[in-house]
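Inside the fold
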Amino acid sequence: MDVTKDLARSRTVWIAVSLLIGYWPVAWLFSGPGFIELLNSILLGVSTAVMISYAPEAIRAATHARPDKTDQLILGIVVTWLATILFRGWGIWSRATGFPEWMRYSPMFGFMIFLFILGGVLHITAPNTIDDRVPRRAWMRVGLAIGAGAFIAGMIVGSRIAMPALAPFLSP
């Protein structure tokens, strides 16, 4: 089986590529705050529709004592799209109110990011679940992903701390 040929012949791939390329002329023609607000609002609507579509299955999945891979994936979808609804709602509200400082660093903003993390963890562990049990290898992937993110955050925070202290030595 030649995956490259299959992808090249795939109607789905051609539609996706057309949509991705087609976005750019539209973005260049209609760029600006209005375009971003339009996209944010459409994303908020699509996110809500995804939540409504998956709600019955998510309720069913949440009632299982030991979720299987399908349950985990459904819960991951719902948690991630719930985060998207909150994130886009927050973004629309913050843009409408001029990006107030309190919204940028609010615990609610952190909670939305945390929901994305939880949804991602469910997505990472779902495909490998066997007999309603997540194997150690999947948890190791989660740990590596969180560790990589923490390392990057440490580098960013460390550079913010170190750069002002090094400024006298770096200036000409």
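These numbers were taken from a predicted model, which means no experiment stands behind them.

Rules behind the numbers
Residues numbered from 1 in each chain as written. Predicted model: local features only at pLDDT ≥ 70, side-chain atom pairs only at ≥ 80, totals over all residues. Heavy atoms only, no water. Helix = DSSP H or I, 4+ residues; strand = E, 2+ residues; numbered from the N terminus. Expected span 1.5 Å × (residues − 1). Polar contact = N/O pair within 3.5 Å; in protein donor to acceptor, adjacent residues only side chain to side chain. Core = buried A, V, L, I, M, F, W, Y, C linked by side-chain atoms within 4.5 Å. Buried < 20%, exposed > 50% of the residue type's maximum accessible area, 1.4 Å probe, protein only. Contact = heavy atoms within 4.5 Å.

Once that is clear, we can look at helix 2 (residues 11-30). When the terminal C-alpha atoms of helix 2 are compared, their 28 Å separation across 20 residues agrees well with the 28 Å that a helix rising 1.5 Å per residue should span. The N-cap of helix 2, judged by a side-chain oxygen 3.3 Å from the amide nitrogen of Thr-12 a few residues on, is Ser-10. A positive phi of about 130° marks Gly-32, the residue just after helix 2.

For the rest of this paragraph, the subject is the nonpolar core. The biggest cluster of nonpolar side chains holds eight residues, and these are Met-51, Ala-58, Ala-61, Ile-74, Leu-75, Val-78, Ile-85 and Leu-122. Mapped by element, the contributors of at least two residues to this core are helix 3 (33-62) and helix 4 (69-96). Of the residues forming this core, the biggest block, four residues, is contributed by helix 4. In this structure, Ala-61 is in contact with Asp-71 and Leu-75, ignoring residues within four places of it in sequence.

Inspection of the secondary structure puts Trp-24 in helix 2. Exposure remark for Trp-24: the relative accessible area of 46% places this residue in the partly exposed category. When the C-alpha positions of Trp-24 and Gly-143 are compared, they lie 37 Å apart, and in sequence the two are 119 residues distant.

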